[in-house]
Amino acid sequence: MAVARLGELRRQAADPGLLLTFLGAAAVLGLFVLYPAIRVLIYPSWQDYLGIPSSLRWIQAARNSLVMMVISTASATLLGLVFAFATTRPDMPARRFFRNAAMLPLFAPPFMVAFAYILMFGRQGLITRGIFGMDVNIFGWPGLWVVQTIAFFPLAMLIIAGVLEAVNPSLEHAARNLGATEWAVVRTISLALARPGIAGAMLVVAISVLADFGNAVLIAGGFPLLATESWFRLEGMGDLTGAALVVAMLVVPTAGLFLLERYVVARRAYVTVTGRGSRMERAPTPPLLRWIVVAICVFTTAMIGLVYFGVIAGAFTAIWGRDWSLSLQHWHLAAERMGSLVTSVKIGVLAGVITATVGVLVAFLTSRRLPLRQALDFLAVLPGALPGVFVGVGFVLAFNRTPLGGTLWVLAIALAFWHLPMGYQAASARLRQIERSIEEAAINLGASGLRVLWDVYLPLLLRGLVEAFAVSFIRAVTNVSIVVFLITPGQLVATFIILGMIQSNTWGAAAALTTMLLALTFVSIGLTWLAVGRVGRLPAMG
Amino acid sequence: MRRIWIAVVALVLVAGVLPGGGPVSAQPNRIVVYSALPDLETSLVHREFTRRTGIQVEALVVPAAGTLQARIRTEKDRPRADVFVGGDRSLHIPLAREGLLERYRSPVVQQAGISTDFVDPAGFWHGWYLGALSIIINTDRFDRELAPRGVRKPATWDDLVRPEFRGHFVMPSPVTTGGGYIFLAAQIFRLGEDRAWAYMRALNTNTSQYTPTAPGTIALLERGEATVAMMWAHEAIGARILRAAPLEVIVPPDTGFEIGAVSIIKGGPNPAGARAYVDFLMTRTPQDVNARFGFRYAVRGDVGVPSGATPFNQLKFVKYDLDWSVQNQARLRERWTREIGR
């Protein structure tokens, strides 16, 4: 074993370029992923940590966050399961339509669902007050529950649908042959085999719910939550220690869920042994089930439609709730703030480029037989365990006193590295699909490690690069949780401006600016589609 | 070939983005301002300032003076801003005592005949507007929900703790906003400290939210999420006139007031620009803008009373001990967080 290792090392030493790149990548990841995380955790003293249980408000916030995690995850996963079911069985109507509709919340900025529902269902809500004349208080945990369910169920749907599609139809037919009713087939075969997907979806959604900042800050009202509390501590009171303590509390469940997902659920795949794949049609769905599922999908699609409709309507309404006439005045105000959109784009571009290059590079490096590549792999996926607010506080502590502090760069880097796992995992998946023999041919012809990367892999990975860029760009442009911590006067981005506008009741301008941001997002998606042919997965915003 | 194109495109994109990348620079024609006044007034005043002096203003608008105070403290090793504007002087003075502000005496004060009551004798802050705390009611909701039950409109501070207002009241947080803090201090000056804390606890039973920013309270009230609020009169008047909000302002006796201040942050990037800014705020135009769009009273005699407001000298204020309020600021905030803290 030791001899083999030595042999490996000697071989790598003959390829110094690769080794240097590896060390460089490790250093960069260490600096921008590990270092801020460690700074946050060691900033408060032992006494501060021990003082947590005596802070009533923080215990309340922790309890509330966990409660929201449970209920929102349950409802979002359930809804995701229904949609996954609706979109993967051939005998369900309008599958394409439901799938596309369900993807829409993923492209919206993280506060948009909350904003739209305040406009639709709040006290001045178009639906609650305008149509039904009711007087509804949407703030607090019930409003947050509804908002988070709609915002995060697409995540669950994507994961579960992936698993459901992989279930071999012949198993279902075999069950029917053995006399099972349609219900029994669904229950014992389809859903049972989807269990790892459901578990995985629940864990991923749970992390998103815990870390949710944008929706919480708008609609939770006085309901304390860990994510928003960290911002109130730092922004409101300059209490860096308090903020660090709160995000440290938050990272415990998110990291736990992350580890659970990675090392328990992902490993334990249910393998179906059936010989060759089958192209048989799936067993028919029971009609009653079909109608229930369709009804739920239609209702949810309407709710999603309201999100987009609400914001666009808000941009054109003179005074929401009082003067329903059409007006263009808000667009003037929003146009004055166009500079913030430009700043958002700048930061998005920087972040996208960084994520794409680092992601592909690290993916390449971990596919080589280099020592400690497991560590590199872990560093590259670690940001997925960290809530946005944790990364925000981390970068404040790590880089605010350095020349990097207060610049465009620190914001772009924070966003880029927080989104690294997506770029990295997508690139890794693509890399694994490439035949090794191509590389071996190049090596036979005398290419070094880096040459292999440049000449062989990059052309094949171009699409992955563009996808990684697009995903990182869109998420950077719509981010709220990291932006609020690192914002400085010279770097006012659109999401921060919008948040401020919503909180000071200039809803019209906020809606107009949000619509512009949305247009930007969709244009980016369209461009990516043209360039690459498909867009990668977009897990929920933070 | 395509790889090279992608690399070139990436480099061009990055290069195109870079020029705006550096930290906020200490160019002679740019200042950085932390403003506790809302967006509208801030941008109007700054536009006038740039027009008058040619100096560009980059402003961070957070309508919560306590929050900006905290930010300035956090940045004391590397101050990023030149000016702190807005919020009562009792929020600027602690920073002066901590050595974070720069002394300056604007010549415009004497030229304009502005009363010395409105300016710091030590030179750390200049007052340029006034505000009065008041009770504000959403008449829409009040008439619909409370009036039918025979509830009378609150006319004094003590009326606010009546049980019929449970869940109907909002106010800004005493920790993050100036208004909230001055309210707390005013109650202490009115009732004495022990009874004041009992009052705050009783009020807490009626409170549905303590908003982190000052306009947040008006926002909630406007939308009908609350019925009664404690806030600066000018915010409500502004909402009523500019946005047709159904708000009524009642200024109770023994109320608190603010002298909105501006101060120069020590070690900021552009001290000369900051001094020009302070001089500018002492002139007529920005105070007039503030009166017309922010509905705040001006300290200059030649600016009229904002429309819809009672003249300042006709209001009845509690006897406010500025020094005591500044000395005990941290202690009171901390006690509020501990005992009521939401």
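Residues numbered from 1 in each chain as written. Chains lettered and ligands numbered in written order. Predicted model: local features only at pLDDT ≥ 70, side-chain atom pairs only at ≥ 80, totals over all residues.

Some remarks on the overall build of chain B
Rules: Where helices and strands are cited, they refer to DSSP runs of H or I of at least four residues and of E of at least two residues respectively, numbered from the N terminus. Values of the radius of gyration come from C-alpha atoms, whereas the globule rule sets the reference at 2.2 Å times the count of residues to the power 0.38. Labels follow a simple rule on C-beta atoms placed from the backbone: if 20 or more others lie within 10 Å of a residue's own, it is buried; if 12 or fewer, it is exposed; otherwise it is partly exposed. Throughout, a residue-residue contact means that the two C-beta atoms, derived from backbone geometry, are no farther apart than 7 Å.
When helices and strands are counted, chain B shows 14 helices and 11 strands. Expected size for 342 residues packed as a compact globule is a radius of gyration near 20 Å; at 22 Å, chain B falls within 12% of this value. When the 342 residues of chain B are sorted by exposure, 52% land in the buried category. Contacts in chain B between residues at least 24 apart in sequence constitute 78% of all its contacts with a sequence separation of at least 6.

Thoughts on the overall build of chain A
Scanning chain A from terminus to terminus reveals 26 helices and 2 strands. Over its C-alpha atoms chain A spans a radius of gyration of 24 Å, differing by no more than 12% from the 24 Å that the globule rule assigns to 542 residues. Over its C-alpha atoms, taken along the principal directions, chain A stretches across nearly 75 × 70 × 50 Å. Sequence separation of 24 or more characterises 82% of the internal contacts of chain A that already satisfy a separation of 6 or more.

Notes on the domain arrangement of chain B
Residues and elements named next belong to chain B. Put simply, the rule reads: Where a domain begins and ends is set by an automatic assignment or by a domain database.
Here chain B is described as being made up of domain 1 (25-130 + 258-309) and domain 2 (132-257 + 327-339). Relative placement of domain 1 and domain 2: their C-alpha centres are 26 Å apart. With 20 residues of domain 1 at the contact, the number on the domain 2 side is 18 residues. Among the secondary structure elements, those contributing two or more residues to the side of domain 1 that touches domain 2 are α3 (65-74), β3 (83-88) and α4 (89-97).

A look at the pairing of strand β1 (residues 30-35) of chain B
Along a regular strand, successive side chains alternate from one face of the sheet to the other. All names here are of chain B. We count it as follows: Here, strands pair whenever DSSP counts at least two bridges between them. Orient the strands so they point away from the viewer; a crossover is then right-handed if the path from the first strand over the helix to the second runs clockwise.
The element β1 is largely enclosed, with a buried count of 5 among its 6 residues. Across 6 bridges, β1 lies against strand β2 (residues 56-61) in parallel orientation. Residue pairing for β2: Ser35 is matched across the bridge by Val61. Chirality of the crossover, the property in question, places the unit of β1, helix α2 (residues 39-53) and β2 among those that are right-handed. Inspection of the sheet shows β1 paired to β3 by 3 bridges, in the parallel sense. Looking at the pairing, Ser35 lines up with Val85 of β3.

Quick word on unusual backbone geometry
Excluding glycine, most residues fall at negative phi; most peptide bonds, likewise, are trans. All names here are of chain B. A positive phi angle is found at Asp254, which is not glycine, with a value near 60 degrees. Within the element layout of this structure, Asp254 appears in the loop between β9 (247-250) and β10 (257-265). Of the residues examined, Asp254 has 16 C-beta atoms within 10 Å and is grouped as partly exposed. In this model, Phe295 sits at a positive phi of 60 degrees, which is unusual for a non-glycine residue. In this fold, Phe295 is placed in the loop between α12 (284-293) and β11 (297-298). Classification of Phe295 by C-beta neighbours within 10 Å gives buried; the count is 26.

Things to note about the nonpolar core
Residue and element names in this part refer to chain A. Let me state the cut-off plainly: The nonpolar core is taken to be a set of buried Ala, Val, Leu, Ile, Met, Phe, Trp, Tyr and Cys residues joined by way of C-beta atoms within 7 Å.
Ranked by internal contacts, the top residues of the largest apolar core, which has 184 residues, are Ile160, Val247, Val393, Ala412, Ala414 and Leu513. In terms of residues, this core owes the most to one element, helix α8 (residues 141-166), which gives 15 residues. Two domains each provide a minimum of three residues to this core, namely domain 1 (17-41 + 328-542) and domain 2 (55-327). The contacts of Leu513, once residues within four sequence positions are left out, are Ala334, Arg337, Ala494, Ile497, Ile498 and Met501.

Points about the packing of helix α9 (residues 169-177) of chain A against helix α10 (residues 182-193) of chain A
Packed helices, taken two at a time, are described by the angle their axes make and the gap between the axes. Residues and elements named next belong to chain A. Put simply, the rule reads: To define axes, lines are fitted to C-alpha atoms, for helices over the stretch in contact only, and angles between the resulting N-to-C directions are given on a 0 to 180 degree scale. Two helices crossing with the near one rotated counterclockwise from the far one by less than a right angle form a left-handed crossing, whereas a clockwise rotation gives a right-handed crossing.
The interhelical angle for the contact between α9 and α10, taken along N-to-C directions, is 145 degrees, at an axis separation of 10 Å. The crossing of α9 and α10 is right-handed. Facing α9, whose interface residues are Leu171, Glu172, Ala175 and Arg176, α10 presents Val185, Thr188, Ile189 and Ser190.

Regarding the confidence of the model for chain B
As a reminder of what qualifies: Per-residue confidence from the predictor is reported as pLDDT, a score between 0 and 100.
With 94% of its residues at a pLDDT of at least 70, chain B reaches an overall mean of 88. Among the prediction metrics, the complex's ipTM stands at 0.79, with pTM recorded as 0.84.

As for the domain arrangement of chain A
Residues and elements named next belong to chain A. In plain terms, the rule: In this count, Pro and Cys sit with the nonpolar residues alongside Ala, Val, Leu, Ile, Met, Phe, Trp and Tyr, while Asp, Glu, Lys and Arg are called charged and the others, Gly among them, polar.
If you check the domain split of chain A, you get domain 1 (17-41 + 328-542) and domain 2 (55-327). On a C-alpha basis, the centres of domain 1 and domain 2 stand 24 Å from each other. Taken together, the contacts link 40 residues of domain 1 with 41 residues of domain 2. Contributing elements (two or more residues each) for the side of domain 1 that touches domain 2: α2 (16-42), α16 (329-336), α19 (388-399), α24 (483-486), α25 (494-503) and α26 (507-532). Among the residues forming the side of domain 1 that touches domain 2, the class breakdown is 27 nonpolar, 12 polar and 1 charged.

Topic: the interface of chain A and chain B
The interface is formed by 37 residues belonging to chain A together with 46 residues belonging to chain B. Residue assignment for the side of chain A that touches chain B shows that the elements contributing at least two residues are α13 (226-237), α17 (338-367), α20 (408-418), α23 (449-478) and α25 of chain A. Split into classes, the residues belonging to the side of chain A that touches chain B amount to 15 nonpolar, 16 polar and 6 charged.

What to know about the pairing of strand β6 (residues 169-172) of chain B
Residue and element names in this part refer to chain B. Residues Phe169 and Met171 of β6 are buried on one face, and the alternating residues Val170 and Pro172, pointing to the opposite face, are buried as well. Sheet topology note: the β6/strand β7 (residues 207-211) ladder contains 4 bridges and is parallel. Note on β7: the bridge partner recorded for Phe169 is Thr207. When β6 meets strand β8 (residues 228-232), the two strands line up parallel, connected through 2 bridges.

Let's talk about α2 of chain A
What counts here: To get the bend at a residue, fit one axis to the 7 residues ending there and another to the 7 starting there, then take the angle between the axes.
Maximum bend of α2 of chain A: about 35 degrees, positioned at Gly30 of chain A. Buried within α2 of chain A are the following residues: Leu18, Thr21, Phe22, Leu29, Phe32, Val33, Pro36, Ala37 and Val40 of chain A.

Considering the confidence of the model for chain A
Residues and elements named next belong to chain A. With 92% of its residues at a pLDDT of at least 70, chain A reaches an overall mean of 85. Considering each helix and strand of chain A separately, the mean pLDDT is smallest for helix α1 (residues 2-13), with a value of 59, and largest for α20, with 93. With pLDDT under 50 throughout, residues 537-542 is counted as low confidence; its partners more than four residues away or in other chains account for 23 contacts.

Topic: the packing of helix α7 (residues 178-191) of chain B against helix α8 (residues 193-206) of chain B
All names here are of chain B. Note the following rule: Angle categories are assigned with fixed cut-offs, so that under 35 degrees is roughly parallel, over 145 is roughly antiparallel, 65 to 115 is roughly perpendicular, and the rest are oblique.
It is at 7 Å that the axes of α7 and α8 come closest, and there the two elements cross at 130 degrees. The pairing of α7 with α8 is recorded here as oblique in orientation. The two elements α7 and α8 cross, and the hand of that crossing is right-handed. For the pair α7 and α8, the contacting residues are Leu184, Gln187, Ile188 and Leu191 in the first and Glu193, Arg195, Ala196, Tyr199 and Met200 in the second. Residue composition of the contact of α7 with α8, by class: 6 nonpolar, 1 polar and 2 charged.

Some details on the environment of His330 of chain A
All names here are of chain A. With respect to the helices and strands, His330 occurs in helix α16. Considered as a pair, His330 and Thr366 are 36 residues apart in the sequence and their alpha carbons are 50 Å apart. Ignoring anything within four residues of it in the chain, the contact list for His330 reads Ala315, Gly508, Ala509, Ala511 and Ala512.

What about the environment of Glu229 of chain A?
Residue and element names in this part refer to chain A. Within the secondary structure, Glu229 sits in helix α13. Here Glu229 falls in the buried class, since 27 other C-beta atoms lie within 10 Å of it. Along the sequence, Glu229 and Val217 sit 12 residues apart, while their C-alpha atoms lie 9.2 Å from each other. Excluding residues that lie within four positions of it along the chain, Glu229 makes contacts with Trp58, Ala61, Pro224 and Val246.

Side note on the environment of Gly150 of chain B
Checked against the element boundaries, Gly150 of chain B lands in the loop between α6 (139-146) and β6. Note: C-alpha distance between Gly150 of chain B and Glu164 of chain B (14 residues apart in sequence) is 9.9 Å.

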